[in-house]
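Chain by chain, the residues:
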Amino acid sequence: MSIAPTNPPMNPFTVVKRFINREILPVLGKLQLAIVLLLVIALFSILGTVIEQGQSVAFYQANYPEKPALFGFLTWKVVLIAGLDHVYRTWWYLSLLVLFGASLTTCTFKRQLPALKWFTRTQKLYSQPRQFQKFALSAELTQPSIAPLKSLLESRKYTIVQEDNRLYARKGLIGRVGPIIVHASMLIILLGGIVGAMTGFVAQELIPSGNTFKVQNITDAGPWSGSQIPQDWSVKVNRFWIDYLPTGEIDQFYSDLSVLNQAGEEVQRKTIHVNEPLRYQGVTLYQADWNISGIAVKLNNSPVLQFPMGQIKVPTGGRLWGSFVPIKPDLSDGVSLIVKDMQGLVLVYGMDGKLISTVRKGMAVEVKGIKLAIVDVTGSTGLQIKADPGIPIVYLGFGLMMISVILSYVSHSQVWGLWQEGKLYIGGTTNRAQVAFEQEFLGILEQLSAAEKVETLAGKN
């Protein structure tokens, strides 16, 4: 009695490998999947642009209330739970990027690279006239040899392979590289986005003129952003000021900033304004906002007294700042100082809420027998501070994509030739610019025909 041999157990690694090759890779390599993923990523990217990112809970509660909910479902709870307040750093958005990258990589190795390998190898040389009938562009001419065709193709920058009376020529092979570079550039862009999301950070600081600060108020940061947040240098706001138009509207606001090392020495200095930031060691400081932080006054012959100013909520949506200045030692009496900008005009109100007077910076007014002088109005600069190590990678990806677009316009043209028993058979094809190739093909035929006529006439003479 014989016993049938049993198959040895399969290596788990082999099982996983077969499952990936047979089940996962064919799905990842589908163009439809890549298109769907790209559309989903675009949708959530738009959503991350529309919904303000990195704001406080109070901000979302005010702008996305539960009643009435935006579009019937979008409330502040939905925004926070789904991570729509920091879309580009959520696990599901990064997972979409990784999945899309895996799909592109699979498509590149399964389709693009094998196709390029096929085009880069030496093509088959045809040896039968009937084989030229399959070409959309083909011709049969009477020629003494295949040499005239070879000479014409060489003059038109074709790369030629010849065996006896058979010939193959091509040019524009670099156009076939374009799709591969497109895939590579998209992968690089995705990598840059992931690097930026994981290692970048965003901070906001509101600093009065003359103060020095370190980046601390982080509003959004990736899990590996610790190395990007500056620890060994700080920034001093030398001065903050605003230029106004004759109409009283803001023209531009400026911050004179100095970067200080740990010893307090200035290593870089720049005056920034909107669209003109300061960059230092991969960190960018943008001029984003402004505020009024305090007011300096003198009461009679007193030293200069500094009082903080707070922003007052205005129903019409304007901006006002106010401060209370006591004019009696027991704080039983005083005045309220109101300013709306940094042009120096101060409104003085009494305890009864009535306007007492208006006074400008550098001038004084008498209030209940006390001389009140306005020394200065101190402004604060609002800075948005960002670090995104993925930006150079993204720029590289977009640069390669522009190159690939240019390469994609290069036509890959191929010509076959066969000379047999006094007959020259020619066939050709191209992947784009069909009209231009037809004109070139007809031009070659005309030159060959003209050369044959000249040779015939010379023979008769």
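Below is a short write-up of the structure. (Residues numbered from 1 in each chain as written. Predicted model: local features only at pLDDT ≥ 70, side-chain atom pairs only at ≥ 80, totals over all residues. Heavy atoms only, no water.)

**Side note on the overall build of the protein chain**
- Along the backbone of the protein chain there are 9 helices and 21 strands.
- For 461 residues, the compact-globule estimate of 2.2 N^0.38 gives 23 Å, and the protein chain exceeds it by more than 25% at 37 Å.
- Summarising its shape, the C-alpha atoms of the protein chain cover approximately 125 × 95 × 50 Å along the three principal directions.
- Counting over 461 residues, the protein chain shows a buried share of 39%.
- Counting contacts in the protein chain only where the partners sit at least 6 residues apart, residues at least 24 apart contribute 57% of the total.
- Of the roughly 26700 Å² of accessible surface on the protein chain, a fraction of 59% belongs to carbon and sulfur atoms.
- Counting 42 positive and 32 negative side-chain charges, the protein chain places the averaged centre of each group 8 Å from the other. (Helix = DSSP H or I, 4+ residues; strand = E, 2+ residues; numbered from the N terminus. Rg over C-alpha atoms; globule rule 2.2 N^0.38 Å. Buried < 20%, exposed > 50% of the residue type's maximum accessible area, 1.4 Å probe, protein only. Contact = heavy atoms within 4.5 Å. Areas by Shrake-Rupley, 256 points an atom, 1.4 Å probe, with all protein chains shown as cover. Lys, Arg positive; Asp, Glu negative; His and termini not counted. Charge placed at Lys NZ, Arg CZ, Asp CG, Glu CD.)

**A closer look at the packing of aromatic side chains**
- All chains considered together, the criterion is met by 16 aromatic pairs.
- On the numbers, 5.0 Å between centres and 25° between planes, the contact of Phe135 with Trp416 is stacked. A residue pair is termed long-range when its members are at least 10 positions apart, and Phe135 in the loop between helix 5 (91-120) and strand 1 (137-142) and Trp416 in strand 20 (residues 413-420) qualify at 281 residues.
- Taking relative accessible area as the criterion, Phe135 reaches 10% and is therefore assigned buried.
- Taking the relative accessible area as the measure of exposure, Trp416 reaches 5% and is therefore buried.
- Three or more aromatic residues joined by ring pairs make a cluster, and in this case those are Tyr126, Phe132, Phe135, Tyr168, Trp416 and Tyr425. (Phe/Tyr/Trp six-rings, centres within 6.5 Å; stacked < 30°, edge-to-face > 60°.)

**Details of helix 8 (residues 391-408)**
- Helix length check: helix 8, at 18 residues, gives a terminal C-alpha distance of 25 Å against a target of 26 Å (1.5 Å per residue), a fit within 8%.
- By the burial criterion, the buried members of helix 8 are Val394, Gly397, Ser404 and Leu407. The arc enclosing the buried residues of helix 8, seen along the axis, measures out at 135°, which places them on a common side. More than 90 degrees from the buried face of helix 8, the exposed residues found are Pro392, Tyr395, Met402 and Ile406.
- Contact partners of the buried residues in helix 8: helix 7 (178-199). (Expected span 1.5 Å × (residues − 1). Arc of directions from axis to C-beta.)

**A look at the sheet that holds strand 9 (residues 266-272)**
- The strand order across the open sheet formed by 4 strands is 5-7-8-9, and the pairing between neighbours is antiparallel. Strand pairing shows two members of the sheet lacking a second neighbour, strand 5 (212-213) and strand 9, which therefore form its edges. (Pairing = 2+ DSSP bridges.)

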